[in-house]
Amino acid sequence: MSTSKSGKASSTLADLSSQLAAAVETAGNSIVAIHARRRIPSSGIVWRDGMVVSASHTVKMDEKVPVTLPGGESTVGTVIGRDSATDLVALRIDGAKAYVAAKAETDALKVGSLVLAVGRPGRDVAASFGIISAIGKGWRTWQGARIDRVFRLDLAVYDGFSGGPLVDASGAVLGVNNSALARGTPMTLPALAVDRVLDELIERGHVRRPFVGVAAQPVALAASLVKQHELSDDAALLIVSVADGSPAESAGIFVGDVLLEANGKSLSRPTDLLDALASVPGGEQLRLKVLRGGAVKSVSVTPSDRGARQ
Amino acid sequence: MSTSMLGSARAMSSNLNGLSEMLRRTVVEVRSGASGSGTGIIWGGAGLVVTNAHCVPRGAALEVGGDGKWREAATLAYHPQHDLALLAAPSASGPLLETRDPESLRAGELVFAYGHPLGVHDSLAMGVLHAVTREERTNRVRWIIADVRLAPGNSGGPLVDAEGRLVGINSMVVNGLGVAVPANLVQRFVERALSQRAA
């Protein structure tokens, strides 16, 4: 590399350059093009044997989805499940077995790490380059899915890159890029979260999202109430609506009830209720402590699975 | 951070300094009356400058500048389909640029754009090769697409690889991506233009 005829050999730069190109080539071997929307194809990653993940908003059909494999062969895939909260879709593609992507260890990733976004917005693979600009902890998508770590990128995610991977300098996959999840800001769903969602999609075709059917807003309780009922703090949630036919309605929860605790944990923000719901195993009950008409009552609700209705 | 990592960051930084110094001696600024300015590449060592056709409107008086001095230049040939123009600029001289075969380009490799974006002189921008587009009929590389930040004023300037070889001439920005004319088309254009004049 350092012996170019021009004599302007710059070995470090040239080495980095060929390393990046090799990383794109490696990653490209497990990236497919998915032709399931108008205008431009999107990208998908061969995540496991015969199993491709992509961004759900870019795959607008479920059966006989046209796919171009890394080698250029055309085939079709079948959607086996979607999760709107993380905007992931899983497709079964027979014949895609040879190209399963290598996943990178994301724990070592830091702000400033060199990364590449790779896509296949057509026949050939395409790339963009930058760094991790921030690592967010405990982020919640606008549809309510909680993601432990998200990568904010100082790089451009171009048309057709959604559903494609963010890779490290060796070409190993760090996560799935998506430009729709954070309403236009490109971000990456880490590989661990993708694995978790994919497990559920393979098992039941959707991701379980426990649902009780209430809307709530934070309220501050009067000091006298806190004292009278020996509460730990004055923050609580006021129920402002109860959905028709919902588990909350069946359990006898009314508009105007004030939620104090769920499964023994105090509630001060609406997201606390979502966290409490997420911790309830399928089919089990959520025990709520409710303030109604000046008296504290216990109500049990069995959450339904909202994911199944999608 | 280990010392070897710091060392390679420093080495890379000094590689970049060397690259930008080499490119500074290779480019000129091209100015044509009212239409603002672009960048040009000194071709073949001396006397010739290649730039974008859209930087040098037909019939306009031209000047090329470097190191604060402006000198007259004249258009020798145009290729509007490839957005190329060849200028005679007797005063211009600089190092020879090696060209890069577009068939050997790999997505993800480092590329550098040099020029005068938005009137800011001698700016170096780093990015990676995004993709190449091909002509449907011949399957030859038609445009080089780079993930590199360009602005008006970069037009006509060089896109080079990590070893300073000419990859293409920056022509436009489409959807935020830099679009360049491949170096082999530039070379062919210059050769044809010169042989036609000689005949």
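In this text, all values refer to a predicted model and were calculated from it rather than measured experimentally.

With that out of the way, let us pick up the overall build of chain B. On a plain count of helices and strands, chain B comes out with 2 helices and 12 strands. Going residue by residue from the N terminus, the α and β elements of chain B occur as α-β-β-β-β-β-β-β-β-β-β-β-β-α. Taken against the 2.2 N^0.38 rule, which gives 16 Å for 199 residues, the C-alpha radius of gyration of chain B at 17 Å falls within 12% of a compact globule. Across its three principal axes, chain B shows a C-alpha extent of roughly 60 × 45 × 30 Å. Counting the 199 residues in chain B, one finds 49% classified as buried.

Another aspect to go through is the sheet that holds strand β8 (residues 126-140) of chain A. What holds strands together in a sheet is hydrogen bonding between their backbones, with the strands either parallel or antiparallel. Residue and element names in this part refer to chain A. The sheet built from 6 strands closes into a barrel, its strands ordered β7-β8-β9-β12-β11-β10 with antiparallel pairing. Adjacent strand axes in the sheet meet at a mean angle of 45° when their direction is disregarded. Inspection of the sheet shows strand β7 (residues 114-119) paired to strand β10 (residues 165-167) by 2 bridges, in the antiparallel sense. Bridge pairing in β10 links A117 to L166. In the packing of helix α1 (residues 11-28) onto the sheet, contacts are made with β7, β8, β10 and β11 (173-182), and the angle to β7 comes to roughly 40°.

Turning next to the interface of chain B and chain A. On the side of chain A, 27 residues touch chain B, which itself brings 27 residues to the contact. The element best represented in the side of chain B that touches chain A is helix α1 (residues 3-24) of chain B, accounting for 8 residues. Along the lines of polarity and charge, the residues of the side of chain B that touches chain A split into 11 nonpolar, 9 polar and 7 charged.

Let us now look at the domain arrangement of chain A. Along its sequence, chain A is organised into domain 1 (1-205) and domain 2 (210-309). Between domain 1 of chain A and domain 2 of chain A, the C-alpha centre-to-centre distance is 39 Å.

Taken residue by residue, chain B gives an average pLDDT of 90. The fraction at 70 or more is 95%. The ipTM assigned to the predicted complex is 0.80, against a pTM of 0.79.

To continue, consider the sheet that holds strand β11 (residues 166-174) of chain B. Spatially, 6 strands are ordered β7-β8-β9-β12-β11-β10 (chain B) in a closed barrel, and the strand pairing comes out antiparallel. Neighbour-to-neighbour, the strand axes of this sheet turn through a mean angle of 45°, independent of strand direction. Where strand β7 (residues 110-115) of chain B meets strand β10 (residues 158-161) of chain B, 3 bridges bridge the pair, whose relative direction is antiparallel. Looking across to β10 of chain B, one finds that V111 of chain B is bridged to D161 of chain B. Most of the contacts of α1 of chain A go to β7 of chain B, to which it runs at about 125°, and overall it touches β7, β8 (123-134) and β10 of chain B.

The next subject is the confidence of the model for chain A. Predicted confidence across chain A gives a mean pLDDT of 87, with 93% of residues reaching 70 or more. The low-confidence segment residues 1-9 of chain A (pLDDT under 50) makes 20 contacts with residues lying over four places distant or belonging to another chain.

Conventions used here
- Residues numbered from 1 in each chain as written.
- Chains lettered and ligands numbered in written order.
- Predicted model: local features only at pLDDT ≥ 70, side-chain atom pairs only at ≥ 80, totals over all residues.
- Helix = DSSP H or I, 4+ residues; strand = E, 2+ residues; numbered from the N terminus.
- Rg over C-alpha atoms; globule rule 2.2 N^0.38 Å.
- Buried ≥ 20, exposed ≤ 12 C-beta atoms within 10 Å, placed from the backbone.
- Pairing = 2+ DSSP bridges.
- Axes fitted to C-alpha atoms, helices over the stretch in contact; angles between N-to-C directions.
- Contact = placed C-beta atoms within 7 Å.
- Nonpolar A, V, L, I, M, F, W, Y, C, P; charged D, E, K, R; others polar.
- Domains from an automatic or database assignment.
- pLDDT = per-residue confidence, 0-100.

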